[in-house]
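Next come the chains, spelled out residue by residue.
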Amino acid sequence: MHINRTFSLKLSTVEDLNEKVGKKIRSKFVDRAIQDRLNPQEIDTTVLGTRRLLAILHAREEVSDFLKRAIQLELKVGQ
């Protein structure tokens, strides 16, 4: 079941959404983004790009310094 609700968003967010997401799939896109934020353990990682996954891994505290340096080299962060 679906329900229509009105939420306040920054204009720049809506402009980015309009630029990057097709009109017919915006609701699905927003719903999926909210679900991913509410249930991060259920994120479908197969739809995330490699750079995004590496950036997420780099931001985690439990990742070793060695692995963080390797990720930085791969992403070319700070170079």
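Cut-off values and rules
- Residues numbered from 1 in each chain as written.
- Predicted model: local features only at pLDDT ≥ 70, side-chain atom pairs only at ≥ 80, totals over all residues.
- Heavy atoms only, no water.
- Axes fitted to C-alpha atoms, helices over the stretch in contact; angles between N-to-C directions.
- Helix = DSSP H or I, 4+ residues; strand = E, 2+ residues; numbered from the N terminus.
- Parallel < 35°, antiparallel > 145°, perpendicular 65-115°, else oblique.
- Left-handed = near helix turned anticlockwise from the far one by under 90°.
- Contact = heavy atoms within 4.5 Å.
- Salt bridge = Lys/Arg side-chain N within 4 Å of Asp/Glu carboxyl O.
- Buried < 20%, exposed > 50% of the residue type's maximum accessible area, 1.4 Å probe, protein only.

(A) A look at the packing of helix α3 (residues 50-59) against helix α4 (residues 65-75). As a packed pair, α3 and α4 sit with axes 10 Å apart at the nearest point and diverge in direction by 150 degrees. Between α3 and α4, the angle is such that the two are roughly antiparallel. When you trace α3 past α4, the crossing you get is left-handed. Between α3, through R51, L54, A55, L57 and H58, and α4, the contact on the second element is made entirely by L67, K68, I71, Q72, E74 and L75.

(B) Representation of the pattern of salt bridges in the model. For the structure on display, the rule yields two salt bridges. For the salt bridge of D44 with R32, the shortest nitrogen-to-oxygen distance reads 4.0 Å. You can see D44 sitting in the loop between α2 (26-38) and α3 and its partner R32 sitting in helix α2, a full twelve residues away along the chain. Given the relative accessible area of 38%, R32 is considered partly exposed. Residues E62 and R60 are paired through a salt bridge, measuring 2.6 Å at the closest nitrogen-oxygen approach. Overall, the relative accessible area of 56% leaves E62 in the exposed class. In this structure R60 comes out as partly exposed when scored by relative accessible area, which is 43%.

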